[in-house]
Amino acid sequence: MIKIFIDFDGTITKKDVGDSMFIEFGGEASRNFIQQYRSGEISAIECFKLESEASSGAIKKDLDDFLDKQEIDVSFIEFHKYCGDEGIPHFILSDGMDYYIERILKRFGLNNIPFFSNHLDLTMHDGTDEVILNPTFPLRDEECDRCACCKRNIMLSKSADDDIIVYIGEGFSDRCPVRYADVVFAKDELLIYCQQENISFFEYRSFAEVKIRLESLLTQKSSKKNFGLRKRRQAQLAVRDLLLGG
Ligand SMILES: [Mg+2]
């Protein structure tokens, strides 16, 4: 069976909503925390905690209004419908926050797609219209603090050995899961990473392009001409190494 795993920020949405939100409400401090995280000085969890602290005190309505202005790649809506029609399970994996993912998916009628992410709790500051942001990390990996939400663990736990894992992403938190995926769709930073690491991938700019490619791969598969959708040897080895504790 084919299973599709999709990054949220910058892949489904046009911009990185998490980064934008924390910079909008946490200012320069958030920008610095993101830099420190990128350069490996602080972990993803530390970064989210610091950004949340810096953004606390935001007016709830301003925050929601900001999120309601975020745009998505509208061809994702058609892509989601296509997967549904074809009976292809698809999931969103995000190292961002459920609060905005849920809100944005709902706005576009996409809230039936299962998603996995970090949790962001918003509590009202007593007697004001300000919120306190409190992130928690139920899907963290115990041994790796590179990401706050371990996409790899979720992806592998949702897949059987003979499933063909398709991964669609663009950025930093997609680097780890693509090593374990059979078919990779990459753009931007992730594309460069895949080139450097010799991970074969399909370049895409929008979900319209992913859909066309997927349709063609599925046709090839059923006509047995070319098995474009097949297990990737390097990914299988990576999964084996992981299971052996390597
Ligand atoms: Mg992303």
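This one's a predicted model, so the numbers in the text were calculated from it and none came from an experiment.

Asks: Please explain the packing of helix 1 (residues 17–38) against helix 3 (residues 60–68) as it appears in this structure.
Replies: Think of two packed helices as two axes; the pair is described by the angle between the axes and how far apart they sit. At their nearest, the axes of helix 1 and helix 3 sit 11 Å apart, and the two run at 145 degrees to each other. Considering the relative orientation of helix 1 and helix 3, their crossing is right-handed. Listed contacts from helix 3 to V17, S20, M21, E24 and F25 of helix 1 are D62, L63, F66 and L67. Split by residue class, the contact of helix 1 with helix 3 holds six nonpolar, one polar and two charged.

Asks: How do you make sense of the sheet that holds strand 3 (residues 115–124) when you look at a structure like this?
Replies: Sheets are built from strands that pair by backbone hydrogen bonding, the pairs being arranged parallel or antiparallel. Spatial strand order, 4-3-2-1-5-6-7: seven strands in an open sheet with mixed pairing. Strands with a single pairing partner mark the edges of an open sheet, and in this sheet they are strand 4 (131–136) and strand 7 (202–203). Two strands pair when backbone bridges link them, and strand 5 (residues 164–169) and strand 6 (residues 183–186) are joined in this way by four bridges, in the parallel orientation. Along strand 6, the bridge assignment pairs I168 with F185.

Asks: What is the right way to read the pairing of strand 2 (residues 90–97) from this model?
Replies: Side-chain direction in a regular strand flips from residue to residue, so the side chains alternate between the two faces of the sheet. The buried fraction of strand 2 is high, at eight of eight residues. Two strands pair when backbone bridges link them, and strand 1 (residues 2–7) and strand 2 are joined in this way by four bridges, in the parallel orientation. Bridged to F5 within strand 2 is F91. Bridge count between strand 2 and strand 3: three bridges; the pairing is parallel. Its bridge partner lying in strand 3, I92 is registered against F115. Read as a crossover between parallel neighbours, the route from strand 2 over helix 5 (residues 98–107) to strand 3 is right-handed.

Asks: Could you clarify how one ought to interpret the nonpolar core in this entry?
Replies: Within soluble globular proteins, side chains that are nonpolar generally end up buried alongside one another. Counting residues in hydrophobic clusters, the biggest one holds 54 residues, and the most contacted among them are I4, M21, F79, Y100, I168 and L229. The element best represented in this core is helix 1, accounting for six residues. With sequence-adjacent residues up to four places away left out, Y100 is seen in contact with F8, D9, V17, G18, M21 and L67. If you look at the next biggest cluster of nonpolar residues, it comprises 21 residues, including F116, C149, I154 and Y167.

Asks: What am I meant to see in the pattern of salt bridges here?
Replies: It is possible for side chains bearing opposite charge to pair when their charged atoms get close. Counting across every chain of the model gives 16 salt bridges. In this structure, the salt-bridge partner of R38 is E189, at a minimum N-O distance of 3.3 Å. With a gap of 151 residues between them, R38 in helix 1 and E189 in helix 8 (residues 188–196) connect regions that are remote in the sequence. Its relative accessible area of 37% is what places R38 among the partly exposed residues. Here D68 ties to R103 by a salt bridge, and the two come within 2.9 Å at their closest N and O atoms.

Thresholds applied
Within every chain, residues take consecutive numbers counted from 1 along the sequence as written. Only residues with pLDDT of at least 70 are given local features in this predicted model, and only at 80 or more are side-chain atom pairs given and counted; all residues enter the totals for whole chains, interfaces and linings. Hydrogens and water are ignored here; the side-chain numbers use all heavy atoms of the structure. Lines fitted to the C-alpha atoms define the axes, with helices restricted to the stretch that makes contact. Angles between their N-to-C directions range from 0 to 180 degrees. Secondary structure counts use DSSP, requiring at least four H or I residues in a row for a helix and at least two E residues in a row for a strand, with both numbered from the N terminus. Note on convention: near helix rotated counterclockwise from far helix by under a right angle means a left-handed crossing. Clockwise means right-handed. Contacts between residues were defined by any pair of non-hydrogen atoms, one from each residue, lying within 4.5 Å. Note on residue categories: nonpolar means Ala, Val, Leu, Ile, Met, Phe, Trp, Tyr, Cys or Pro, charged means Asp, Glu, Lys or Arg, and polar means any other residue, Gly included. Here, strands pair whenever DSSP counts at least two bridges between them. Three labels apply to residues, based on accessible area from a 1.4 Å probe with only protein chains included: buried if under 20% of the type maximum, exposed if over 50%, partly exposed otherwise in between. Seen with its strands pointing away from the viewer, a crossover is right-handed when the path leading from the first strand over the helix to the second is clockwise. Working definition of a nonpolar core: buried Ala, Val, Leu, Ile, Met, Phe, Trp, Tyr and Cys residues. They are joined through side-chain atoms within 4.5 Å. Whenever a carboxyl oxygen of Asp or Glu lies within 4 Å of a side-chain nitrogen of Lys or Arg, that contact is scored as a salt bridge.

Note that all results are geometric; they support no functional claim without further evidence.
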